[in-house]
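# A closer look at the structure
So you can see what is in the structure, the chains are spelled out below.
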Amino acid sequence: MSERQPHIGCGACQDLIPLVQDGVASTESRQLVAGHTAQCPQCRALLAAGSSSVPPVAPAPELLTVRRLRRQLLTGALLILLVGVLGGSLLTYSIDMFYNLLIMPAIGAAGYLVLRRQWYWSVAGAGLCSLVGVLCKLLLFDHSGPVAALIAAVPMAILYAALAAVGCLIGFLLHFAFKKEDTP
């Protein structure tokens, strides 16, 4: 009695072809591909052409939706951080200036949690935005000269960037403390 070899479809065969071509497929998989390509000219041509002719797989629509949603959330979070830095900058040289001791580290921590590996952008952004905010406040509302405004704004921008860096450190420690450990 002859054993009949199981039949596989074109999709399964096309999934196995790169493994056969790389030499990592099992003996059974190679036999299945050989049996299928003996009967199917399309898969035989794909096997003969090499792995370069395997059509690329388009990302799933769900993945595109998740990417778009992630991008929108990131944009919204960065806009909120920008508004916070500019709002804190407007408090500079006022009676409420010391709220920035809370605002800037909170912005740094939030920036770390949003940007993760690119956390340094939250520090640079806090410094640059606070420089622009303080310069605008001094030039427009306090009627300072440009040189005096720049001399007054640069140390505050450095201070706010340092406070944002402290906030990034706090964000890193919070992320580290509440990180879920992988269990085997």
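Nothing here was measured: the structure is a model prediction, and the numbers come from that model. (Residues numbered from 1 in each chain as written. Predicted model: local features only at pLDDT ≥ 70, side-chain atom pairs only at ≥ 80, totals over all residues. Heavy atoms only, no water.)

Another aspect to go through is a positive patch on the surface. Taken together, the side chains of Arg 67, Arg 68, Arg 70 and Arg 71 define a basic patch exposed on the protein surface. Of note, Arg 70 is situated in helix 4 (residues 61-90). A relative accessible area of 59% places Arg 70 in the exposed class. (Patch = residues over 30% accessible without salt bridge, like charges linked within 9 Å, V, L, I, M, F, W, Y side chains within 5 Å. Areas by Shrake-Rupley, 256 points an atom, 1.4 Å probe, with all protein chains shown as cover. Salt bridge = Lys/Arg side-chain N within 4 Å of Asp/Glu carboxyl O. Lys, Arg positive; Asp, Glu negative; His and termini not counted. Charge placed at Lys NZ, Arg CZ, Asp CG, Glu CD. Helix = DSSP H or I, 4+ residues; strand = E, 2+ residues; numbered from the N terminus. Buried < 20%, exposed > 50% of the residue type's maximum accessible area, 1.4 Å probe, protein only.)

Moving on, we come to the packing of aromatic side chains. Taken as a whole, this structure holds four aromatic pairs when the rule is applied. A centroid spacing of 6.1 Å and a plane angle of 90° characterise the contact between Tyr 112 and Phe 172, whose relative ring orientation is edge-to-face. With a gap of 60 residues between them, Tyr 112 in helix 5 (residues 100-115) and Phe 172 in helix 7 (residues 146-177) connect regions that are remote in the sequence. The buried category is assigned to Tyr 112, whose relative accessible area is 9%. What makes Phe 172 partly exposed here is its relative accessible area of 40%. Measuring from ring centre to ring centre gives 6.1 Å for Trp 119 and Tyr 120, while their planes differ by 75°; the resulting arrangement is edge-to-face. You can call Trp 119 partly exposed: its relative accessible area is 38%. The exposure class assigned to Tyr 120 is partly exposed, which follows from its relative accessible area of 41%. An aromatic cluster of at least three residues, connected via ring pairs, comprises Tyr 112, Phe 172 and Phe 176. (Phe/Tyr/Trp six-rings, centres within 6.5 Å; stacked < 30°, edge-to-face > 60°.)

This model, assessed by the stated rule, comprises one salt bridge. Of the charged contacts in the structure, one is a salt bridge between Lys 137 and Asp 142, with a shortest N-O distance of 3.7 Å. Classification of Lys 137 by relative accessible area gives buried; the value is 11%. We classify Asp 142 as partly exposed; its relative accessible area is 39%.

By themselves these figures say nothing about function.
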